[in-house]
Amino acid sequence: MSILIKNGTVVTSTQTLRVDVLISGESIVEIAPEINEKADTVIDAQGMYVLPGGIDPHVHLHLPTPAGCSIDDFKSGSIAALYGGTTTFIDFVTPSKSETLDEALTKRIAEATDSLTDYSFHVSPIKWDKTIEEQIANCIERGFPSFKIYMAYKETVGLNDDELYHVMHDVASHGGMVTAHCELGDEVDKLRNQFFEEGKVTPKYHALSRPESAEVSAVKRAMAFADQTNCPLYIVHVSSGESVKHILQAQRSGQQVFAETCPQYLTLNDSVYNDNFAESGKYIISPPIRSANNNDLLWEGISNNVIQTVGTDHCPFSQAQKEFGINDFRKVPNGAGGIEHRLELLYTFGVKNNKISLNKLVDIFATQAAKIFGLYPQKGEIAVGSDADIVIWNPNAQRTISAKNHHSKADISIYEGFKVNGKAEYVLLRGNMTIKNGQLVNGLNPGKLLLRKNILSNPVNLNTSTYNDPLADNCGRV
Ligand code: URP
Ligand code: ZN
Ligand code: ZN
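Residues numbered from 1 in each chain as written. Chains lettered and ligands numbered in written order. Predicted model: local features only at pLDDT ≥ 70, side-chain atom pairs only at ≥ 80, totals over all residues. Heavy atoms only, no water.

Q: Explain the sheet that holds strand β4 (residues 20-24) to me, please; I cannot follow it from the model alone.
A: In a beta sheet, neighbouring strands pair by backbone hydrogen bonds and run either parallel or antiparallel. Overall, mixed pairing links the four strands, which are arranged β5-β4-β1-β6 in an open sheet. Only two strands of the sheet have a single neighbouring strand rather than two, namely β5 (27-32) and β6 (41-44). Each adjacent strand pair in this sheet contributes to an overall mean axis angle of 20°, direction not counted. The sheet contact formed by β4 and β5 spans five bridges and is antiparallel. Within the sheet, the bridge partner assigned to Leu22 lies in β5 and is Glu30. (Pairing = 2+ DSSP bridges. Helix = DSSP H or I, 4+ residues; strand = E, 2+ residues; numbered from the N terminus. Axes fitted to C-alpha atoms, helices over the stretch in contact; angles between N-to-C directions.)

Below, the structure written as structure tokens:
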């Protein structure tokens, strides 16, 4: 099967070009100003951007909690991802206390087989003992070189400082990377319990019990341990501008520290907690939504290359599941959906608001995650030889996000009522058309488990990209 994409504007993390793209089988085989070869399918991408398929490095599908599993399974979550132009995601393996990392990994791989996008996993050591080093080495050998640790959630999956240090040491000595949820768990738990005992049980106390200081201190501690153990560190869901400053300092000192933020921290502010439970319960996520000044600080962190990626932390629950904690914010399952909205939110609030260039959009949406997590240049790039994972993005479409029209199974959305620009008209996954004219194609083959070997083998892009938008400038063909 071959597909020819004609007349589009190809945008990569470094270039914006009017070129045609020829796909044969699963790969891109030619990129040139004018390709006139015969193909099984020709897509006219006039007036549209041709982008690499998105890589969401942070999603929690079918995550077990006391209020039930996060409501999207691998099928529904991956369908939502495709509608939003994401063709690969990285989920998590979280063992029970008695399981080895290998056992949990094998089980999780079996759960994901009906994903319609490609996928991989970060593996979570939830304790440390002398056997963990070998387990970590096995996971790396199997193609899973990134390990997620939690400094919060101490009662379930969180590590104490000693365990964290040992995990970083073991991961570093086998050539892996640690990704970290940075909030000081003990401090947060103390505040949570204190508020509850004082009868302060509403969602706003979720936010107040997880202050920025708890994130910033955890970021500093994680970076200090990573420095001591020489462990590459990726800090997930950075929500605070103050954290960004400390990450910048570490990067400037030469430490291998990478940062991710999420659309919710770029577009929402803590006024969301001022409403009744039905409205504000859906924003119970960790870290919580911060005060509005952080939005701009995070955008600056992106444009200054301190933050490399934007993941969604997709972890949706239904309103009924959220109500599990209607009388106690501590019992509300933490998380919200967003896997479908990453590109349209970044395009609307980033590119259209002149916070980032189109090239930067591609960088944070696809390329950097591929480079950091060992998928590049197979994924995250439009180049000859790369997988034909491609989004054809119509910048002129407009819509309003709602739980009534999204593709997640959740009946609530933290972006309800957001007006956004842009739409994925076509999405190709390894040369297979998965979205055609904005609609999911029937009878798709399942996605592929991605084994990752070359973690960090491609340096992250630290050069500020330039804004060059040929659709706006009406520039000529190259
Ligand atoms: O609230 C969130 N983010 N839930 C998912 C788990 C996590 O902390 O990433
Ligand atoms: Zn987290
Ligand atoms: Zn998460």
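Past the structure itself, the notes keep going.
Q: Which parts of the structure should I look at to understand the side chain of His341?
A: Within the secondary structure, His341 sits in the loop between α12 (319-322) and α13 (342-351). The buried category is assigned to His341, whose relative accessible area is 3%. At 2.7 Å, the side chain of His341 and the side chain of Glu344 are in polar contact. Contact partners of His341, with chain neighbours within four places excluded, come to Arg399, Ile401, His406 and Tyr415. (Buried < 20%, exposed > 50% of the residue type's maximum accessible area, 1.4 Å probe, protein only. Polar contact = N/O pair within 3.5 Å; in protein donor to acceptor, adjacent residues only side chain to side chain. Contact = heavy atoms within 4.5 Å.)

Q: What's the story with the environment of Leu429 in this structure? I'm lost.
A: Structurally, the position occupied by Leu429 is in strand β17 (residues 419-429). Residue class for Leu429 comes out buried when judged on its relative accessible area of 4%. With 132 residues separating them along the chain, Leu429 and Leu297 place their C-alpha atoms 34 Å apart. Beyond its immediate stretch of four places on either side in the chain, Leu429 contacts Thr87, Leu116, Thr117, Asp118, Lys379, Ala388, Asp389 and Thr434.

Q: Can you walk me through the coordination of the zinc ion (ligand 2) in this structure?
A: Ideal geometry at a metal centre gives angles of 109.5 degrees when four donors are arranged tetrahedrally and 90 or 180 degrees when six donors are arranged octahedrally. Protein-derived coordination of the zinc ion (ligand 2) comes from His181 (ND1) and His237 (NE2), at a distance range of 2.1 Å. Here the zinc ion (ligand 2) is ringed by four donor atoms whose angles at the metal span 57 to 149°, and the overall shape comes out irregular. A relative accessible area of 1% places His181 in the buried class. You can call His237 buried: its relative accessible area is 2%. (Donors = N, O, S within 2.8 Å, 3.2 Å for Na, K, Ca; no water. Tetrahedral: all angles 85-135°; square planar, octahedral: opposite > 155°, others 65-115°.)

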